[in-house]
Amino acid sequence: MINFTDRDELKHDVLSRIWFTYRRNFAAIGGNGPINDTGWGCMLRCGQMMLAQALILRHLGRKWRWNPQVYDQIYWKVLSMFQDKKSSYYSIHQIASMGDSEGKAVGQWFGPNTIAQVLKKISVYDEWSNIVVHVAMDNTVIESDIRKLCRLCDTDKSNSSDINGGAHHKTDSEGFTNCTFNTGQKNQSETRQRFMKSERWKPLLLIIPLRLGLTDINPVYFDSLKSCLGLRQSVGIIGGKPNHAHWFIGYLGEELVYLDPHTTQLFVNLDDKSSTDDSYHCPFPGRMRLNQLDPSVAVGFYCGTEEDFDDLCLTFHKFIIRPCKNPMFELYKERPAHLPSCDSDIETHLACNSSDFTVLKGVQGADGGAGSTDSDEEFEIL
């Protein structure tokens, strides 16, 4: 956590986040479906932004900053994984199609829980990133379940310098003072050294869908939400206000700072050497008061090493659970006897590999446990 007083540094940090918005004139989803996602894709784009931030941390580290004048091969590979083409792992095409497995037809609204479940299913095919996406259901984080998932493949080795494929490219608001964001502690060299020391741990993106009120958010959770955004493992919050999903990346007093996907831009073919990435970076973040937030949200955290996860659990106890009479979520070291097992999650990570990507839509059993009985309506942004 840091209090920014350098407006230029703050603006550069925000500008470096990958910004996904509505797009138009991309190839029809499913061959004869929508050619734009205006009006229905905002939560999908927010999920893309949260995951893209996790992958930037995974491959480049928290100190990385976007420089349009410098070609960064790893950055371009990450960005290309989200471009609006069926062949891209995390494209709007793959996410919308995978929504069928969550009961959402192409073109239908997603809630925070739905996008989290879809990203979990798709991520198993991304062998380069080799990341575990875990969705903690029922307001409950169980340490032992997560450790099993992240320690599954002890022999897996991901090399962030292995860049095959991706696009080939070339190619810069209102500032905030005393604004709180997570900035991390390690430079890129130190981050890569930590990867080498943690070969037995698959990097983790932990997403916790929450319902923090009935029709309006309960003010008792305001401080906890701000604490989440201030943690060094934070990759933001997806949520919003009625009919408008946002990706929240920081706070200023009682206001949340967010990137807004509700701008329709033309499709950009990132495989074209003449294209630029300027439209994927936003110089003007928005602000919204905490009491305007819809009660359905999902908070996200990235843990590149097991030490990061250990620290996150300790921090949860210190800032989220212990100080609160009614904490946003519970944290257990072991799975309580009254909860179903998470075996289907583990089976999914063992069974799936990138060779199955062409039949992505047919993946089964990735929800597991409490998640399989969850009603999406509970988490829908209405």
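A quick note: this is a predicted structure, and the numbers were derived from the prediction, not measured. (Residues numbered from 1 in each chain as written. Predicted model: local features only at pLDDT ≥ 70, side-chain atom pairs only at ≥ 80, totals over all residues. Heavy atoms only, no water.)

This part covers the overall build of the chain. Summing up its helical and strand segments, the chain has 10 helices and 13 strands in all. Per-residue burial over the chain gives 59% buried out of 382 residues. Total accessible area on the chain is roughly 15,600 Å²; 48% of this is exposed by carbon and sulfur atoms. (Helix = DSSP H or I, 4+ residues; strand = E, 2+ residues; numbered from the N terminus. Buried < 20%, exposed > 50% of the residue type's maximum accessible area, 1.4 Å probe, protein only. Areas by Shrake-Rupley, 256 points an atom, 1.4 Å probe, with all protein chains shown as cover.)

So, about the packing of helix H2 (residues 42–59) against helix H5 (residues 112–123). In contact at an axis separation of 10 Å, H2 and H5 are set at 50° when each is read in the N-to-C sense. On the basis of the axis angle, H2 is oblique to H5. As H2 packs across H5, the resulting crossing turns out to be right-handed. When H2 is examined against H5, the residues Met43, Leu44, Gly47 and Leu51 are found in contact with a partner set consisting of Pro112, Ile115 and Leu119. (Axes fitted to C-alpha atoms, helices over the stretch in contact; angles between N-to-C directions. Parallel < 35°, antiparallel > 145°, perpendicular 65-115°, else oblique. Left-handed = near helix turned anticlockwise from the far one by under 90°. Contact = heavy atoms within 4.5 Å.)

With that out of the way, let us pick up the environment of cysteine 42. Within the element layout of this structure, cysteine 42 appears in helix H2. In this structure, cysteine 42 is in contact with Tyr22, Trp109, Ala245, Pro261 and His262, ignoring residues within four places of it in sequence.

Attention now moves to the confidence of the model for the chain. Predicted confidence across the chain gives a mean pLDDT of 82, with 75% of residues reaching 70 or more. Below pLDDT 50 for its whole length, residues 154–178 participates in 74 contacts with residues either more than four positions away or in separate chains. Per-residue pLDDT stays below 50 along residues 353–382; that stretch engages in 84 contacts with residues further than four places along the chain or on separate chains. (pLDDT = per-residue confidence, 0-100.)

This brings us to the packing of aromatic side chains. Tallied over the full model, the rule gives 10 aromatic pairs. Ring centres of tyrosine 89 and tyrosine 90 lie 6.3 Å apart, and the angle between their planes is 45°; this geometry places the pair in the tilted category. The rings of Phe20, Phe82, Tyr89, Tyr90 and Tyr280 are connected pair by pair, giving a single aromatic cluster. Positioned above the aromatic ring of tyrosine 280, the side-chain terminus of arginine 23 is 4.4 Å from the ring centre. The positively charged end of lysine 77 is found above the aromatic ring belonging to tryptophan 128, 4.2 Å away from the centroid. (Phe/Tyr/Trp six-rings, centres within 6.5 Å; stacked < 30°, edge-to-face > 60°. Lys NZ or Arg CZ within 6 Å of the ring centre and 35° of its normal.)

This part is about H5. Between its first and last C-alpha, H5 extends 17 Å over 12 residues, near the 16 Å set by a 1.5 Å rise per residue. Within H5, 12 of the 12 residues are buried, which leaves it mostly tucked inside the rest of the structure. Residues of H5 that are buried: Pro112, Asn113, Thr114, Ile115, Ala116, Gln117, Val118, Leu119, Lys120, Lys121, Ile122 and Ser123. (Expected span 1.5 Å × (residues − 1).)

Moving on, we get to the nonpolar core. Tyr75 and Phe82 are the most contacted members of the largest nonpolar core, which has 63 residues in total. Looking at which element gives the most residues to this core, the answer is H2, with 12 residues. What phenylalanine 82 contacts, discounting residues up to four positions off in sequence, is Phe20, Gln48, Leu51, Ala52, Leu55, Ser88, Tyr90 and Ser91. Listed in part, the 40 residues of the second largest apolar core include Ile146, Leu231, Phe316 and Ile321. (Core = buried A, V, L, I, M, F, W, Y, C linked by side-chain atoms within 4.5 Å.)

In this structure the tally under the stated criterion is 19 salt bridges. Arginine 147 is the partner of aspartate 310 in a salt bridge, and the nearest nitrogen-oxygen pair spans 2.9 Å. According to the relative accessible area criterion, aspartate 310 is partly exposed, its value standing at 32%. When its relative accessible area of 16% is taken as the criterion, arginine 147 is described as buried. Overlapping salt bridges bring together Glu143, Arg147, Arg151, Glu306, Asp310 and Lys333 as one network. (Salt bridge = Lys/Arg side-chain N within 4 Å of Asp/Glu carboxyl O.)

On to the side chain of glutamine 53. In this structure, glutamine 53 sits in helix H2. Assessed through its relative accessible area of 6%, glutamine 53 is described here as buried.

Moving on, we come to helix H6 (residues 143–150). Where burial is concerned, most of H6 is hidden: 7 out of the 8 residues are buried. For H6, the full list of buried residues reads Glu143, Ser144, Asp145, Ile146, Arg147, Leu149 and Cys150.

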